[in-house]
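Observations on the three-dimensional arrangement
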Number of protein chains: 2
Amino acid sequence: MQKRPRIVIIGAGFGGLYAARTLEQKAVDVLLIDRQNYHTFTPLLYQVATAGLEPEEIGYPVRGIFRAKSNIAFLMGEVIGVNTAEKYVEVITSERTRHEHYDYLIVAAGSVTNDFNLPTLARDSFELKTLPDAIALRNHILRSFETAAWTDDEDYRRALITLVVVGGGATGLETAGALVELFKNVLSKEYPFLRDITPRVVLVEATDRLLIPYPKSLQAAALRQLKSLGVEVILGSPVKATAPDHVTLSDDRVIPTYTLIWAAGVKASPMGALLDLPLNRGGRVPVTATLEAAPLDGVYVIGDMAYLEDASGHPYPMLIPVAKQQGILAAKNILRRIEGRNQEAFRYADRGIMATIGRSRAVAWIFNKVELTGYLAWLSWLGLHLIALLGFRNRLNVFINWVWNYFTYDHSVRLIVEVPDETGGIPAMVMDEPETDLITR
Amino acid sequence: MQKRPRIVIIGAGFGGLYAARTLEQKAVDVLLIDRQNYHTFTPLLYQVATAGLEPEEIGYPVRGIFRAKSNIAFLMGEVIGVNTAEKYVEVITSERTRHEHYDYLIVAAGSVTNDFNLPTLARDSFELKTLPDAIALRNHILRSFETAAWTDDEDYRRALITLVVVGGGATGLETAGALVELFKNVLSKEYPFLRDITPRVVLVEATDRLLIPYPKSLQAAALRQLKSLGVEVILGSPVKATAPDHVTLSDDRVIPTYTLIWAAGVKASPMGALLDLPLNRGGRVPVTATLEAAPLDGVYVIGDMAYLEDASGHPYPMLIPVAKQQGILAAKNILRRIEGRNQEAFRYADRGIMATIGRSRAVAWIFNKVELTGYLAWLSWLGLHLIALLGFRNRLNVFINWVWNYFTYDHSVRLIVEVPDETGGIPAMVMDEPETDLITR
């Protein structure tokens, strides 16, 4: 049979995307599946949420990333099943349910917010995993300030401009810092009532430290920077309960707020369960050093969904560079298999981690050796992100706009815009998602 | 009494916005009310709908337009009543219903889509009046192509890539032209299936001519340009009936389509009825030459809502320049009244009208004398729009980005992003809009 091997990749996040790019122009057919038609540059989601960037700046249509003549096909749909015996993936699309056959499968569906079994979280909090999340949070913050500007109820006003961020990791810190700067640099100039009352940003962390994977000195630096920015930091205080208008900490302290941002951690996508394998804690799929989900044949799991320990027995963290490198390796290993060569074991090239605090400070831990703080760290962060953004086919215009927006807080992104789901009378044949009638505003 | 006169302006469209700007830094207090927190540059809505521009490029937060220390206050809410006896406006905000007192009132709520009494239009068509409209249409078009890329049903595919635009005015022409260019310049490169089948754009007009207010020669030029672009033009064919998957014309011709874009005309906002005055046909409020809604005292109506005839008995058209000039005059007349001076009658400085067809053609009728067609007309259009865009506080960065996007069809705007209404557990006290739970995808 002369038919080319077919590789199905589930997920166009960093893992799936880099796997696909590795397979471009090789003698294989690739089907890349994602629920959205674009890849999201997630590190900057908090910028969209804090009205610092336009949503489209960090969304990249998948079809635009791969040239139309390439061997990468894209299918927009949701995977609801994997039949590993007959080797096909079950996908719900706008039209129907499809069975997509694979010779090799790369599962890269990423992670979801970890709610730590707090049942009210979905109702009472905002997460920051997707672009719609970020836009919804932005809309909400702006609406809250509009309401606060006109209410006569002092307690209500105070609660409306109190924002609580839960989670002392990079996401939490970056979001908290960006919120303070939104208030100080932009909203304070546009809302006269803010001359008399200051918005609060409260960062809540369950453990006694911020940035757990970082060395102590950097943790201390981060704490200092946050406080000097004006963020209130509460350590050692898990969230006990949530409500629509307040949050309760484990010591029974109550913070009245209408904006609870949950950045407390992620867990593996539930898609792991579709493989019918025992899962590790956190729902991650254990993989071999070659990233295969043994005993399945030809199935690779990468990124946040995969569980693999390094030489010292520590599981690889759920980070973007890990996903990228695993995506590339899984793709290369599949090519090696096709060519009858030996596969390679995963070795993580750890270049370090970094977190920003506001627009001019950061902490960075480079190559597990060099500690950077302050403005120098921030410049490194800026440079790295720009390089990453430019990684996608010379996006010079995005670069210019992003840099401009970043430094000037262009007004245009402070729109409250909600866009309803399909309401244009698409028959049930087309859309599997229920149609909803939203009030336009 | 030393209290400054209070002027309430309903609507932050072109009329209300220019009225407010005229009153900035004068010895009055202004309250500007709008349902959205931003002003929309509506001439470019069709660009957002055809994935040519990012939504935020044409939305301007009202608070950003007026400096915080100015005498212009902004209230985000919906006006549901006007008590002209006691001189206050009833406004629903996110918090409650407010009574906002006025000494003078400018009603500038604009227009709504004219459905010509077709009851199925809301279900079966897309309109283009607001930014959410444009984003929803963009999402829909992209989803349709994603579905068309994978279906095996030939008739279904053909209907998915057949787009029908109803309305032979400037909006219809501009939208139809931009759609063809989206297909030719962008989508054809990203969807391999488009090598074998060509998307259709059909422009349907009820009368026998396009661009009714234009001279015959320009009407003919527009028709030629549309056809050379590849738009199918059907004249003299009102829409008889709509359905979710097709549209029926008056001659019983049926066009299978899932995208019916209704650009067939507008009628005055229903807000006119709140004034308890007899309305003219189309629901417009008759005003005096000084733009007052006699016999009410101190109430001015401007823009699309107002009915006023020129010297030859023709009603002023529902166009942006008319709204702008009326907004400025109404504001000046109010200031004159306050100062005890005579008011002025409205005289429309008609600089002409123009419509673009695609990205390099246009027709323009300048100062009712000069006819321009083709590339020169398009350059004029470009220049005018850029000047208009720059009119708002030196928006150089928007200019750069807009020009760049315009010429390069930057990929980033081709995202399908729906953002649900508030779902973050805001109590009923805060939001009057019902909360909906959307499936995220």
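The paragraphs below set out a description of the structure included in this document.

Rules used throughout
- Residues numbered from 1 in each chain as written.
- Chains lettered and ligands numbered in written order.
- Predicted model: local features only at pLDDT ≥ 70, side-chain atom pairs only at ≥ 80, totals over all residues.
- Heavy atoms only, no water.
- Helix = DSSP H or I, 4+ residues; strand = E, 2+ residues; numbered from the N terminus.
- Buried < 20%, exposed > 50% of the residue type's maximum accessible area, 1.4 Å probe, protein only.
- Contact = heavy atoms within 4.5 Å.
- Areas by Shrake-Rupley, 256 points an atom, 1.4 Å probe, with all protein chains shown as cover.
- Salt bridge = Lys/Arg side-chain N within 4 Å of Asp/Glu carboxyl O.
- Expected span 1.5 Å × (residues − 1).
- Phe/Tyr/Trp six-rings, centres within 6.5 Å; stacked < 30°, edge-to-face > 60°.
- Lys NZ or Arg CZ within 6 Å of the ring centre and 35° of its normal.
- Pairing = 2+ DSSP bridges.
- Axes fitted to C-alpha atoms, helices over the stretch in contact; angles between N-to-C directions.
- Left-handed = near helix turned anticlockwise from the far one by under 90°.
- Nonpolar A, V, L, I, M, F, W, Y, C, P; charged D, E, K, R; others polar.
- Polar contact = N/O pair within 3.5 Å; in protein donor to acceptor, adjacent residues only side chain to side chain.

Across its full length, chain A carries 11 helices and 24 strands. Taken across its 441 residues, chain A has 60% of its residues classed as buried. Pairs at least 24 apart in sequence give 63% of the contacts found in chain A among residues at least 6 apart. If you sum the accessible surface of chain A, you get close to 17200 Å²; carbon and sulfur atoms cover 54% of it.

Our focus in this paragraph is the pattern of salt bridges. Residues and elements named next belong to chain A. The final tally for this structure, using the stated rule, is 40 salt bridges over all chains. In this structure, Asp 115 and Lys 267 form a salt bridge, with 3.9 Å as the shortest nitrogen-oxygen distance. Pair noted here: Asp 115 is in the loop between strand E10 (111-113) and helix H4 (121-124) and Lys 267 is in strand E18 (residues 266-268), with a separation of 152 residues, a long-range link. We classify Asp 115 as partly exposed; its relative accessible area is 27%.

A word on helix H9 (residues 320-338) of chain A. Residue and element names in this part refer to chain A. The first and last C-alpha atoms of H9 sit 27 Å apart over 19 residues, in line with the 27 Å expected at 1.5 Å per residue. Buried within H9 are the following residues: Val 322, Ala 323, Gln 325, Gln 326, Gly 327, Leu 329, Ala 330, Ala 331, Asn 333, Ile 334, Leu 335 and Arg 336. Tucked inside the fold, the buried residues of H9 contact strand E1 (6-10), helix H1 (14-23), strand E9 (104-107), strand E20 (299-301) and strand E21 (306-307). Where H9 ends, the next residue or the one after it, Gly 340, has phi of about 75 degrees, a positive value.

Attention shifts here to the packing of aromatic side chains. Taken as a whole, this structure holds 18 aromatic pairs over all chains when the rule is applied. Seen in terms of ring centroids, B:Tyr316 and B:Tyr348 are 6.1 Å apart; in terms of plane orientation they differ by 80 degrees. Their pairing is edge-to-face. Here the residue B:Tyr316 occupies a position in the loop between strand E21 (306-307) and helix H9 (320-338), and B:Tyr348 occupies one in the loop between H9 and strand E22 (352-357), the gap between them amounting to 32 residues. Taken individually, B:Tyr316 and B:Tyr348 each receive the classification buried, so the pair is uniform in this respect. Of the aromatic side chains, those joined through ring pairs into one cluster are A:Phe145, A:Phe183, A:Tyr191 and A:Phe193. Note that A:Arg21 overlies the ring of A:Tyr18, its terminal NZ or CZ placed 5.6 Å from the centroid.

What follows is about the sheet that holds E9(A). Judged by pairing direction, the sheet is parallel, and its 5 strands sit side by side in the order E5-E2-E1-E9-E20 (chain A) without closing on themselves. One side of each edge strand has no neighbouring strand; the edge strands of this open sheet are strand E5 (72-76) and E20 of chain A. Taken pair by pair, the neighbouring strands of this sheet meet at an average axis angle of 20 degrees, ignoring direction. Examined bridge by bridge, E1(A) and strand E2 (residues 29-34) of chain A share 5 bridges and lie parallel to one another. Bridge pairing in E2(A) places A:Ile10 opposite A:Ile33. Lying over the sheet, H9(A) contacts E1, E9 and E20 of chain A, oriented at roughly 170 degrees with respect to E9(A). Of the strands in this sheet, E2 and E5 of chain A touch helix H5 (residues 131-150) of chain B, which is tilted by about 120 degrees from E5(A).

In this chain, A:Ala294 is followed by A:Pro295 through a cis amide linkage whose omega measures 5 degrees. You can see A:Pro295 is positioned in the loop between strand E19 (285-286) and E20. The phi angle at A:Asp276 is positive, at roughly 60 degrees, despite the residue not being glycine. Here A:Asp276 lies in the loop between E18 and E19. Overall, the relative accessible area of 71% leaves A:Asp276 in the exposed class. One non-glycine residue, B:Asn117, lies in the positive phi region at around 60 degrees.

This next bit is on the packing of H1(A) against H9(A). The description of two packed helices rests on the angle between their axes and on the distance between the axes. Residue and element names in this part refer to chain A. Their axes nearest at 7 Å, the elements H1 and H9 cross at an angle of 35 degrees. Handedness of the crossing formed by H1 with H9: right-handed. In this structure, H1 contributes Phe 14, Gly 15, Tyr 18, Ala 19, Thr 22 and Leu 23 to the contact, and H9 contributes Ile 320, Ala 323, Lys 324, Gly 327, Ile 328, Ala 331, Lys 332 and Leu 335. A class-by-class count of the residues in the contact of H1 with H9 yields 9 nonpolar, 3 polar and 2 charged.

Checked against the element boundaries, B:Thr151 lands in the loop between H5 and helix H6 (154-160). A polar contact of 2.6 Å, which involves the side chain of B:Thr151, links it to the side chain of A:Glu95. Separated by 3.1 Å, the side chain of B:Thr151 and the backbone nitrogen of B:Asp153 make a polar contact. Residues contacting B:Thr151, with those up to four places away along its chain left out, are A:Glu95, B:Tyr156 and B:Arg157.

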